[in-house]
Amino acid sequence: MAMILELLVQGAQMALVLLLAPLLTGFVRQVKARLLRRRGPSILQPYRDLARLLRKEAVLAENASWLFRATPYLVFAATWVAAALVPTFATGLIFSWTADLIAIIALLASARFFLALAGMDVGTSFGGIGSSREVMIASLAEPAMIMIVFTLALVAGSTQLSTVATVLAGPEVGLRVSLGLALVALVMVAIAENGRIPIDNPATHLELTMVHEAMVLEYSGRHLAMIELAAAIKLLLYVSLIAAVFAPWGIVPASGGGAGAWVAALLAYAAKLAVGGFLLALFETSIAKMRVFRVPDFLGAALMLGLLGTLLLFVSRSL
Amino acid sequence: MDRLVFDVAHMLAGGLVLVSFVMLYQDRLTALLKVYALHALVLTASVAWQAFVQDAPHLYITAAIALAFKAVVIPVALLRIIRRLGIHREIETVVGIGPTMLAGMALVALSMVVMLRVTPDADPLAREDLAFALAVVLLGMLTMVTRRNAVGQVVGFMALENGLVLAATGAKGMPLVVEISVAFSILIAFIVIGIFLFRIRERFDTVDVQALDRFRGDRR
C-alpha cells in the first residue's frame, strides 16, 4: 500500500512538471510582453500552440532518416525523465535515489546530442549552423555545470539531489561564499542552456542569430510539438533545480508530513516558479543579445566562478 | 550567533572578491566605473558589519567615508571625466578576457595559500578576511596591468585600495587616524591622477598609455 502511495506521489511529480512547463513558458512571455508595454498572448497560449501542432500533419524532408523522426521523442523523453528527478515539492520520492546531479546532466546532454544530430540530418545549412553553435555552447556550459556540481557535492557530501536539498535546507550550512559563486555560475549556465536572451533568442527566426531555432527549423507537426514541450520542460527543470538547491524552503522532507505540509510545499513551489520566471523575464528585457563570439567569455566566466567556488571550499576545509 | 557573524563577514568579503572579478570582466569604461561603485558599496557593507561585530564605532566612520567618496564622488567624477574626454565608448583591454580571468583565479589561489600558511594561529575571522583582502589587492593590480587606458588603471588602483581597507578592518584595533589619512591620501592621489589625465590628453591627444612608450629614454 505504502509502495503504491509512493508511486502515486512520484507519478504526481511527473505529471506536475509536464503540465506546469508550458504554463511557465507562457508566464515568462506574458511578463516580458507586459514589461515591453504590450498586451501579449494569454498565459495559456503555449498549451494552445501545442494542441494545434499535435493536430497538424508532420511534414518530412525527402532525405530525412529514421533519426530525424525518432529524435523528438528521444529528446522529450530524456528531458522529461530529468525533470521528474529534480525535487520540486518533496525530497525522498521513490525514484530519488536515481536523482543524481551527474545523471541529470547526462540525460540533458544525450538529448542535446540527438538534437544536434537531427539538425544535421536533412543537410540544410541552417541546421548545420545551429548544431555547430549548440555544440560549441554545450562544450563550454557542461564543464561549468560539472564544477558547480563539485561545489555542491563538497558542501553536501553527495551528488544526489534529494540529499543536497535536505542538507542545504538544514541549519548546519550557513551562508557560504562558494554557494554564492555556484549560484551565479548556475544561473549563467541555465541561461546558456535554455538559449535565453544574452546567448540566444528563443522568439527569433532571424537567421544569423538563431541557435536552437536553426536546429529545429525542419520540424513540423507533432515532432515540433514534442521539441517545444521538451524546451519548456528544460526551462522548468533549471528553475526547479535552482530553487531546490538554493531555496529549499517548504519542501516536504523525506520523513513525510501531514496534508498541510504537502499543500504548503506545492504553494511554495508555485511561488518559486513565479519568482524565477519573473526574474528571468526582467533580466531578458533589460539586456541585449550578445554576439556569438562573446559566448565563450560569458560561459568561461561561469566556469571560473564554479572553479573558484570549488577552490575556496578546498581551502576553507583546511582551516 | 558566532556562526552567523562569521558567515556574513565571509560572505561580504567573498562578495568583494566576486565584484573584483566582475570588474576584470568588463571591457567598457562606463560599465567598469559602475562596477567600481558596486565594489565600494560591498566594501561599505563589509566595513559596517565589522564595526558592528567588533563593537568599534570608529569603523562606522570608515564605512561612511567609503560610501560617500568611493561609491558616489569618485565614480561620478570619473564618469564626468570620461564623458568630457569623449572616451566613454572605448573598449580597452590589453589581453582577452579569458586569460585575464585565468590569471585572476591563479592570484586568488595564491593569496589563499600564502595567507592561510602564514597566519595559522590567528582568529579565523581575521584570517579569512586577510586572505580575501590580499586577493582583492592582487586583482586590483591585475586590473591595472590589463588596462591600456589611464582611467581604467585609476579604477584598478582604487579597487586595490579597497582591498587594503578590507584588510585593515579585518584586523582588530586599527587606529582611526591611520584610516583617515589613508582615505585622504587616496583622494589626493585621485585628484592628482585626474589632473594628469587631462595633461596626458593635452599633450598626446589620447589617454592610451601605450602612446607614452615612444617617449621613453631607453628606446631611441
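Basis of the calculations
- Residues numbered from 1 in each chain as written.
- Chains lettered and ligands numbered in written order.
- Predicted model: local features only at pLDDT ≥ 70, side-chain atom pairs only at ≥ 80, totals over all residues.
- Heavy atoms only, no water.
- Helix = DSSP H or I, 4+ residues; strand = E, 2+ residues; numbered from the N terminus.
- Rg over C-alpha atoms; globule rule 2.2 N^0.38 Å.
- Buried < 20%, exposed > 50% of the residue type's maximum accessible area, 1.4 Å probe, protein only.
- Contact = heavy atoms within 4.5 Å.
- Areas by Shrake-Rupley, 256 points an atom, 1.4 Å probe, with all protein chains shown as cover.
- Lys, Arg positive; Asp, Glu negative; His and termini not counted.
- Charge placed at Lys NZ, Arg CZ, Asp CG, Glu CD.
- Salt bridge = Lys/Arg side-chain N within 4 Å of Asp/Glu carboxyl O.
- Core = buried A, V, L, I, M, F, W, Y, C linked by side-chain atoms within 4.5 Å.
- Buried area = accessible area lost by both parts, 1.4 Å probe.
- Polar contact = N/O pair within 3.5 Å; in protein donor to acceptor, adjacent residues only side chain to side chain.
- Nonpolar A, V, L, I, M, F, W, Y, C, P; charged D, E, K, R; others polar.
- Arc of directions from axis to C-beta.
- Phe/Tyr/Trp six-rings, centres within 6.5 Å; stacked < 30°, edge-to-face > 60°.
- Patch = residues over 30% accessible without salt bridge, like charges linked within 9 Å, V, L, I, M, F, W, Y side chains within 5 Å.
- Axes fitted to C-alpha atoms, helices over the stretch in contact; angles between N-to-C directions.
- Parallel < 35°, antiparallel > 145°, perpendicular 65-115°, else oblique.

A. Main features of the overall build of chain A. Broken down by element type, chain A carries 11 helices and zero strands. Against the 2.2 N^0.38 benchmark of 20 Å for 319 residues, chain A shows a C-alpha radius of gyration of 20 Å, consistent with a compact globule. Seen through its C-alpha atoms, chain A measures out along the principal axes to roughly 60 × 50 × 45 Å. Burial analysis of chain A (319 residues in total) assigns 50% to the buried set. Partitioning the intrachain contacts of chain A with sequence separation of at least 6 by distance along the chain shows that 82% fall at a separation of at least 24. Accessible surface computed for chain A: about 14200 Å², of which carbon and sulfur atoms make up 70%. Here chain A contributes 22 positive and 17 negative side-chain charges, whose respective centroids are spaced 9 Å apart.

B. Representation of the overall build of chain B. Secondary structure assignment for chain B yields seven helices and zero strands. Secondary structure elements of chain B, listed N to C terminal, follow the sequence α-α-α-α-α-α-α. Split into buried and exposed, the 220 residues of chain B put 51% on the buried side. Taking as baseline every contact in chain B between residues at least 6 positions apart, the subset at least 24 positions apart corresponds to 77%.

C. Looking closely at the pattern of salt bridges. All names here are of chain A. Taken as a whole and assessed by the stated rule, the structure comprises eight salt bridges over all chains. Notably, a salt bridge pairs Lys 32 with Glu 284, separated by 3.4 Å at the nearest N-O pair. Residue Lys 32 is located in helix α1 (residues 2–35), and its partner Glu 284 is located in helix α10 (residues 259–285); the two are separated by 252 residues in the primary sequence. Under the relative-accessibility criterion, Lys 32 is labelled buried at 15%. A relative accessible area of 2% means that Glu 284 is categorised as buried. The closest approach of N and O atoms between Arg 112 and Glu 142, which form a salt bridge, is 2.7 Å. Of this pair, Arg 112 sits in helix α4 (residues 101–121) while Glu 142 sits in helix α5 (residues 125–156), and the two are 30 residues apart along the sequence. Taking relative accessible area as the criterion, Arg 112 reaches 9% and is therefore assigned buried.

D. Fine view of the nonpolar core. Phe 21 and Leu 78 of chain B are the most contacted members of the largest nonpolar core, which totals 144 residues. In terms of residues, this core owes the most to one element, helix α9 (residues 221–246) of chain A, which gives 17 residues. Sequence-distant contacts of Leu 78 of chain B, that is, excluding residues within four places in its chain, are made with Leu 33, Val 151, Val 154, Val 155 and Phe 190 of chain B. Counting residues in hydrophobic clusters, the runner-up holds five residues, among them Phe 89, Ala 90, Val 252 and Ala 265 of chain A.

E. Quick look at the environment of Thr 169 of chain B. Residues and elements named next belong to chain B. With respect to the helices and strands, the residue Thr 169 is situated in helix α6 (residues 150–170). A relative accessible area of 1% means that Thr 169 is categorised as buried. Measuring from C-alpha to C-alpha, the distance between Thr 169 and Leu 79 comes to 28 Å, with 90 residues separating the pair along the chain.

F. Examining the interface of chain B and chain A more closely. Taken together, the contacts link 22 residues of chain B with 21 residues of chain A. Between chain B and chain A, a total of about 1900 Å² is buried, with carbon and sulfur atoms accounting for 77% of that surface. Taken as a group, Met 11, Tyr 25 and Met 105 of chain B account for 28% of the area that chain B buries against chain A, more than any other trio of residues on that side. Linking chain B with chain A are zero salt bridges, by the criterion used here. Here chain B is connected to chain A by zero residue pairs in polar contact (both at pLDDT 80 or more). Tallied by class, residues from the side of chain B that touches chain A come to 14 nonpolar, three polar and five charged.

G. Fine view of helix α2 (residues 45–55) of chain A. All buried positions along α2 of chain A are accounted for by Pro 46, Leu 50 and Leu 53 of chain A. Viewed along the axis of α2 of chain A, the buried residues span an arc of 65°, placing them on a single side of the element.

H. How the structure looks around the packing of aromatic side chains. A full pass over the atoms with the stated rule returns five aromatic pairs over all chains. Pairing Phe 68 of chain A with Tyr 219 of chain A gives two aromatic rings, centres 4.2 Å apart and planes at 5°, and the pair type is stacked. A residue pair is termed long-range when its members are at least 10 positions apart, and Phe 68 of chain A in helix α3 (residues 66–85) and Tyr 219 of chain A in the loop between α8 (212–215) and α9 qualify at 151 residues. Both residues of the pair, Phe 68 of chain A and Tyr 219 of chain A, count as buried. Between the aromatic rings of Trp 49 of chain B and Phe 52 of chain B, the centroid separation amounts to 5.5 Å while the plane-to-plane angle is 45°, which identifies the pairing as tilted.

I. A nonpolar patch on the surface, seen in detail. Side chains of Met 3, Ile 4, Leu 5, Leu 7, Leu 8, Phe 95 and Trp 97 of chain A sit close together on the surface and give an oily, nonpolar patch of about 770 Å² of accessible area. By the secondary structure assignment, Trp 97 of chain A is in the loop between α3 and α4.

J. Broad picture of the packing of helix α2 (residues 29–54) of chain B against helix α3 (residues 58–85) of chain B. All names here are of chain B. Their axes nearest at 8 Å, the elements α2 and α3 cross at an angle of 175°. Put simply, α2 runs roughly antiparallel to α3. Within the contact of α2 with α3, the residues separate by chemical class into 22 nonpolar, five polar and two charged.

K. Region of the structure containing the side chain of Thr 100 of chain B. Residue and element names in this part refer to chain B. Positionally, Thr 100 belongs in helix α4 (residues 97–118). With a relative accessible area of 5%, Thr 100 lands in the buried category. Once you skip the residues sitting within four places of it in the chain, Thr 100 turns out to touch Leu 24, Val 95, Leu 142 and Thr 146.

L. Focus on the environment of Arg 148 of chain B. Residue and element names in this part refer to chain B. When you line up the elements, Arg 148 lands in the loop between α5 (124–145) and α6. Taking the relative accessible area as the measure of exposure, Arg 148 reaches 28% and is therefore partly exposed. In this structure the C-alpha to C-alpha distance between Arg 148 and Thr 93, which are 55 residues apart in sequence, comes to 6.1 Å.

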